[in-house]
Structures are given as structure tokens and as C-alpha cells.
Amino acid sequence: MSLSLNPTSFSFFLFSLYFLSLPVGTSSLPVVGITYTHDPRHDHDHTPPSHVASTLHSLKLSAVRLPESDPSVVRDFSYSNISLLLNIPNSLIPAIASNRSNALRWLYHHVIPFYPRSKVSTISVGNDILDTSSDLADFLLPAIRNVHLGLRDLGIQKISVSTTFSFINIMTTSFPPSAAEFQEPVSELLIKPLLQFLDDTNSSFLVNLYPYNVYRLNSEIPIGFALFQQHPFNYRDDLTTGVRYRNLFDMMVDSVISAMAVAGHESIPVIVTETGWPSSGDASEIDASPAYAEMYINGLVTHLSSGLGTPLRREGVAETYIYELFDRETRQGTESGRHWGIMYPNMTRKYNIAFSGSVTAGYSRGWVRMVGGLYTIVSLWLLQ
């Protein structure tokens, strides 16, 4: 073995080191964000909105969804470098659909005073209208177009516009994904025209996606499959495509992707606007527990950070927003509806979850390649 250093060998070593350190691909890992609901009636129990940005930084979360989109909260995220997904209330959809000036009025109150200091990335016109406000379906697409055109009138090109659906309210099935389609008549009347708009404007399909709800509706689904648990027989096969699914989240995402493909739009990015698991529930919700909630969120974050995507889409979802930041103990409704937060109202963390923030997958994999390649090159060099 010779340890002598000659110019040719050293040049080869440096060139190989440079080549192996280059990023592999240019795609990024999915953004992991959180839903933060600002309720002025009860915020005396919560962190002041002005402190939420620093809380998210401490958790290493890089995006937040604001269902209420209060202008004061949008302002509080100025210079935070946290991306914002805003929501226009369902009640405003008819007015915005009828006149673009109403869309501009909303934008002047909620976006223009703060953008781009507040990093608004997406605006959802309405949330799950098919569940709570199905009579608004005819107004939805005109409202979305008016918000989009209003942004262009203002010279803003980088904010995309869409709407948010609930998985259960739009899908025919969750398994097998290859058989999934959007429900009729909403598919033909609303979703297909919307998909064309999203394709034309490079926008994303937004969906609230809860494996917890699908698991509760289907007794044959193992709890481990819903909680990202890795067991030898913890899988389901789609016999049509030959794809094997290891978790319910991927199966539901691929059902959406398959349905979009059937509708003729297979490449539109998907953003999961809500997902999570409750830590407490009433007597009928025996699987709403802190242990299961922590398992689900940890499994979700680990899976998204792996860069594996889903079986039908290598890049997976573009963004995922965990529901939600704080428990809302004063909320009306079911017991479980109050306990989806990853933190208690007093700012105590409920779970030990390692959020990694948004990183570039290419550079991460590039460094892995570099280390492995460097070991090989040095070994060969020393054996000369």
C-alpha cells in the first residue's frame, strides 16, 4: 500500500468529491405545517398571536394554515419566513363570486398590507363547502376565479388560489386507490372544472384527510395500518396496480391522485390541509388517546421526512398541515373535537415530536452519497 500523493490522484479525488456532493434531484421534501385557529373570545387561555410565530420556530415548523385569516394574525407573521395558507370564509363566497371588487376588498384587508413581509403562499376560497354549505357549490368556481384575477390585477403572481375539500365528502372509496373516483354529481359539475383551473394556474388540490375517520368507518382496517406502524403483515395490496400500501395515509392520498387521473389531471400537486389524531374522546371513541395521537403524528412526520412519497407519486404531497396547534377546550361539539392540538392551551407540549422543518431532499441525499462515495474513493486511493 502506498500513501504517496501525486497530482493526478489528488485531482481525481477532488473532482469525485465535488461530483458526489452535488444534489441528487431538485425536489424538496414535503412542507410540514400546522393549523392555528385564532379565537379572540378565548385567546386569554392561549399564547398571544404575536408569540405564535416564535413558537412555530421553536417547533421547527415552516408553514401555518390560518382558517380564520385574521389580518392582525397575518401581520404577526411578518418577517417570520413562515409560509401562510389563508382561508376565505364560506359565507363570503357568494359576494366574491358576484363581483371581483369584493375579492379585491378582501385582499386589501387580509393580504396587501402585509405581503410579501408575511409570506402568503396559498388562499383557499372556502373550506369543505360540500359538508356545511353545499348550496354554495355554484358560486365556488366564480369566486376562486375572481380572487385569482384580483391577485393578478394587483401584480401578485406567486400566491395560488384553490378551495379545500374533505376526503370523505368527495371520494367514492379509499381502497383500492386504483378504483377511486370523485363522487357524482359533484365531480362533473364542480371538481373537473376546478381541476382544469388548477392546471391552468399551476395551483394545488387541497384536501382535509383524516385516517382516523376512515379507520373508524372501516372495522377491517388494523389500527397499526392507520398509525404508520411497521409490522411484517401490516399492508394492503392494490391488486389492479400491484402496489403494496404500508399505511392508510398513503392509500388515501393515492386515492385522490387516482381520481384526479381519471378526471384527466394526474399531475396537479396535492396539499393535505388537515390531518391529525385526537388525544381524547367520548365513550365511543376508544382510539382517541394521547398514545395513539403521538404515534400518528410521529409516524406521519417520519414518513414525510423520508422522501419516499407515495406509491403512485414519488414526490408525494407538496404540503401537509397537522390539525392543530392548540387544544380548544371551549369548542362546541364532540369531546374529541376539543383535543386535536399538539399543545395544551397553556403552551405545554403534549407530545415529543421531532419536526425537521422544510429541507431540500436533493442536498440531504447528496450528502449521503458524498459520505459513502468518499469512503469508497479514499479506500481505492490508498490501495494504489
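Residues numbered from 1 in each chain as written. Predicted model: local features only at pLDDT ≥ 70, side-chain atom pairs only at ≥ 80, totals over all residues. Heavy atoms only, no water.

Per an unreviewed UniProt entry, the protein goes by the name glucan endo-1,3-beta-D-glucosidase and belongs to Vitis rotundifolia. UniProt's Catalytic activity (unreviewed entry) comment on the protein is quoted here verbatim: "Hydrolysis of (1->3)-beta-D-glucosidic linkages in (1->3)-beta-D-glucans." According to the UniProt record, the Sequence similarities (unreviewed entry) comment for the protein reads "Belongs to the glycosyl hydrolase 17 family." (UniProt positions renumbered as here; feature names shortened; annotations may be inferred.)

Describing the packing of helix α7 (residues 137-153) against helix α9 (residues 186-201)
Two numbers describe how α7 lies on α9: the axes approach to 10 Å, and their chain directions differ by 10°. Between α7 and α9, the angle is such that the two are roughly parallel. Contacts between α7 and α9 pair Ala-137, Leu-140, Leu-141, Ile-144, Arg-145 and His-148 from the former with Leu-190, Pro-193, Leu-194, Phe-197 and Thr-201 from the latter. Here the contact of α7 with α9 is built from residues that sort into 8 nonpolar, 2 polar and 1 charged. (Axes fitted to C-alpha atoms, helices over the stretch in contact; angles between N-to-C directions. Helix = DSSP H or I, 4+ residues; strand = E, 2+ residues; numbered from the N terminus. Parallel < 35°, antiparallel > 145°, perpendicular 65-115°, else oblique. Contact = heavy atoms within 4.5 Å. Nonpolar A, V, L, I, M, F, W, Y, C, P; charged D, E, K, R; others polar.)

Digging into the nonpolar core
Counting residues in each nonpolar core, the largest one holds 98 residues, and the members touching the most others are Phe-77, Ile-123, Val-147, Phe-205, Leu-325, Ile-342 and Phe-355. The element that contributes the greatest number of residues to this core is helix α12 (residues 248-262), accounting for 9 residues. Each residue touching Ile-123, except ones within four places of it in the same chain, is listed here: Leu-86, Ile-88, Trp-106, Leu-107, Val-111, Val-147, Leu-151, Ile-159, Ser-160, Val-161 and Ser-162. Among the nonpolar cores identified, the runner-up in size contains 6 residues, and Val-31, Ala-63, Ile-271 and Tyr-321 belong to it. (Core = buried A, V, L, I, M, F, W, Y, C linked by side-chain atoms within 4.5 Å. Buried < 20%, exposed > 50% of the residue type's maximum accessible area, 1.4 Å probe, protein only.)

Quick look at helix α2 (residues 49-59)
For α2, the complete set of buried residues consists of Pro-49, Val-52, Ala-53, Thr-55, Leu-56 and Leu-59. Here the buried residues of α2 occupy an arc of 165° about the axis, which is enough to place them on one side. On its buried face, α2 is in contact with β1 (31-35), β2 (63-66) and α3 (71-76). Positive phi appears at Lys-60, one or two residues downstream of α2, with a value of about 65°. (Arc of directions from axis to C-beta.)

What to know about the pairing of strand β10 (residues 319-322)
By the alternation rule, side chains of β10 split into Glu-319 and Tyr-321 and Thr-320 and Ile-322, which are all buried. Judged from the 4 bridges that link them, β1 and β10 form a sheet pairing that is parallel. Looking across to β10, one finds that Ile-34 is bridged to Ile-322. Traced from strand β9 (residues 270-275) through helix α13 (residues 290-305) to β10, the parallel crossover comes out right-handed. (Pairing = 2+ DSSP bridges. Right-handed = clockwise from strand over helix to strand, strands pointing away.)

Some points on empty space enclosed by the protein
Per the counting criterion, the structure on display carries 2 cavities of 30 Å³ or more. Of the pockets and cavities examined, the largest cavity occupies roughly 40 Å³. Every residue along the wall of the largest cavity is listed here: Leu-59, Ile-342, Met-343, Arg-349, Tyr-351, Ile-353 and Phe-355. (1 Å grid on protein atoms, 1.4 Å probe; cavity = no way out; pocket = protein on both sides within 12 Å on 5 of 7 lines; lining within 4 Å. Points joined across faces, edges and corners; volume = space filled by probe spheres on them.)

Description of the pattern of salt bridges
Applying the stated criterion across every chain yields a total of 8 salt bridges. Residues Lys-350 and Asp-327 are paired through a salt bridge, measuring 3.0 Å at the closest nitrogen-oxygen approach. Of this pair, Lys-350 sits in the loop between β10 and α14 (361-382) while Asp-327 sits in the loop between β10 and α14, and the two are 23 residues apart along the sequence. Judged by its relative accessible area of 1%, Asp-327 falls in the buried class. (Salt bridge = Lys/Arg side-chain N within 4 Å of Asp/Glu carboxyl O.)

Details of the sheet that holds strand β5 (residues 160-166)
The strand order around the closed barrel formed by 8 strands is β1-β2-β3-β4-β5-β6-β9-β10, and the pairing between neighbours is parallel. Between one strand axis and the next, the sheet turns through 25° on average, direction left out of account. Across 6 bridges, the pairing between strand β3 (residues 83-88) and strand β4 (residues 119-127) is parallel. In the sheet register, Ser-83 faces β4, and the bridge partner there is Lys-119. Sheet strands in contact with helix α5 (residues 100-110) are β3 and β4, and its direction is about 140° off that of β3. On top of the sheet, α13 reaches β1, β9 and β10; it is set at about 165° to β10, its chief contact.

What to know about the packing of aromatic side chains
The relation between two aromatic rings is expressed through the spacing of the ring centres and the mutual angle of the planes. Taken as a whole and assessed by the stated rule, the structure comprises 12 aromatic pairs. With a centroid separation of 5.7 Å and an interplanar angle of 90°, the aromatic rings of Tyr-212 and Trp-340 are classed as edge-to-face. In this pair, Tyr-212 is assigned in helix α10 (residues 211-217) and Trp-340 in the loop between β10 and α14, connecting sequence segments 128 residues apart. For Trp-340, a relative accessible area of 9% gives the class buried. A centroid spacing of 6.1 Å and a plane angle of 45° characterise the contact between Phe-228 and Phe-249, whose relative ring orientation is tilted. Note that Phe-228 is positioned in the loop between α11 (223-226) and β7 (236-238) and Phe-249 in helix α12, a separation of 21 residues in sequence. Members of the aromatic cluster, joined through ring pairs, are Tyr-210, Tyr-212, Tyr-215, Phe-228, Phe-249, Trp-277, Tyr-296, Tyr-323 and Trp-340. Cation over ring: Arg-244 sits above Tyr-235, and NZ or CZ is 3.7 Å from the ring centre. (Phe/Tyr/Trp six-rings, centres within 6.5 Å; stacked < 30°, edge-to-face > 60°. Lys NZ or Arg CZ within 6 Å of the ring centre and 35° of its normal.)

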